[in-house]
Amino acid sequence: MRRSIVKIALTGFLVTSGLVSPALSQELRMAIWSANEAHLALFNEIADEFEASHRGVKITYDSLAYEGYATTLTTQIAGGNPPDLAWLFDTTAPDFMAAGALYPLTETFANTEGYDMGDFPPATLTAWSYEGVQYLYPFSTSPFGVFVNNDMIRAAGAKTPAEMIAAGEWNWDNAIATAAKVAATGKQGLIIRDFEYKAWENLAEVYTGWNAYPWSKDTKSCAFASPEMVDAMRFIHDAIFVKKAMPGPGVSADFFAGDAAMTTTQISRAALLPKGDKAFDWDLVPLPKGPAGDYAVTGRAGIGVMASGKNPKLAAEFLAFFSSKPNVAKLARFFPPARQSLLTADVLAAANPLLSRKQIEAVVIRGVATGQSTQQVLNFARLQQTVRAGLDGLWRPDADVTAVLQALCGRLDPLLAAN
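Now for a look at the structure at hand.

The rules we used
- Residues numbered from 1 in each chain as written.
- Predicted model: local features only at pLDDT ≥ 70, side-chain atom pairs only at ≥ 80, totals over all residues.
- Heavy atoms only, no water.
- Disulfide = S-S within 2.5 Å.
- Helix = DSSP H or I, 4+ residues; strand = E, 2+ residues; numbered from the N terminus.
- Buried < 20%, exposed > 50% of the residue type's maximum accessible area, 1.4 Å probe, protein only.
- Phe/Tyr/Trp six-rings, centres within 6.5 Å; stacked < 30°, edge-to-face > 60°.
- Lys NZ or Arg CZ within 6 Å of the ring centre and 35° of its normal.

1. A few points about the state of the cysteines
Taken as a whole, this structure holds one disulfide when the rule is applied. For C222, the disulfide goes to C409, at an S-S distance of 2.1 Å. Disulfide C222-C409: the torsion about the S-S bond is -65°, which places it as left-handed. With a gap of 187 residues between them, C222 in the loop between α9 (204–207) and α10 (227–241) and C409 in helix α16 (residues 401–418) connect regions that are remote in the sequence. The class of C222 is buried, set by a relative accessible area of 14%.

Dropping the structure here:
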């Protein structure tokens, strides 16, 4: 793609602010973590429209590797080469806002004709504002669901998730039992996509069903040793090492390549579904019911303008255009909109031709309305690495789950208290 600049992750630095802005430029660069051709084609289409009405402006998209994205981004900022705009995780946004690294957007959005900030439910804006000022646009509020290979499940002699949903049996116990049956045939059962024993926060797609969280609501104390989290992690450990229902450490498998029966991920990954002679009978269903009942988990991403960029005012104008109602309707194909007027079955069905209305209503609309996200906290990157190291002892067959989680809280509590 002509605007795709793919880079590898670099070792990073903490967010710094107060850098001197270079001379004004008509070139804008947006850092993103997708190199998907379908995504880039749509982003380029939006950029072309903006460039057509802004003579001399050139927009590029910088596709950084997903793993290490935040450290790569902060390295660019600390090195005096910040992007003009960037996608940010909701977990890292608090650090960027508190550091003064983002350009305020409230005035730009308010002064853009037809933008309509009232179209965003207040809950969708909370994660992206600081001290009453809007610093990021809620680009994606995307629920996690389960993509299913029905062919593989039927070949293992198991019920499909759709059949279990119809019978009121779609829960984590039955999902893992089905995954184990498939694994017994030589394929993989269920993959927590992008987890790979590194991105532990992706396990929230499972442990939230136990009403378990990594830290307290006020983010001042560790909750990994809570009864709910211990039960959830024991379930996950058993699924990996006893039932063999999930790929073990060091095992590489990809649902979209036909390696596994199920994967938890977001609707934007539908573009990866194989076509032609590699296609299979697939489905998208909600996350299974957990011991705490039905639940949904959302992944949230925002887009902000770097205060230290070359031309933050122009970048903010482009972001207002990028997030206008017509463009958000197009983006809804991959990224569920926060705009209330567009969060309808009709709009999403038109934008997502691969998904049925039933899938959209059950996974997307319900998920956006009820979904939870990883609790935001300052210094998430540091906490993330501490948790990752602390959980290393969990990923062995004879692990003492309770002892591992208690030891982890011993490391986390001082860090959380100091935030």
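2. Some points on the packing of aromatic side chains
Enumeration over the complete set of coordinates arrives at 34 aromatic pairs. Between F43 and Y61, the aromatic rings sit 5.5 Å apart at their centres with planes inclined by 40°, giving tilted as the arrangement. Of this pair, F43 sits in helix α1 (residues 37–53) while Y61 sits in strand β2 (residues 58–63), placing them 18 residues apart in sequence. Residue classification places F43 among the buried positions, given a relative accessible area of 1%. Taking the centre distance of 6.1 Å and the plane angle of 80° together, the rings of W215 and F380 count as edge-to-face. One end of the pair, W215, is in the loop between α9 and α10; the other, F380, is in helix α15 (residues 380–391), with 165 residues separating them in the sequence. Accessibility expressed as a relative area gives 1% for W215, which makes it buried. Residue class for F380 comes out buried when judged on its relative accessible area of 2%. One cation-aromatic arrangement involves R339 over Y115; the distance from NZ or CZ to the ring centre is 4.7 Å.

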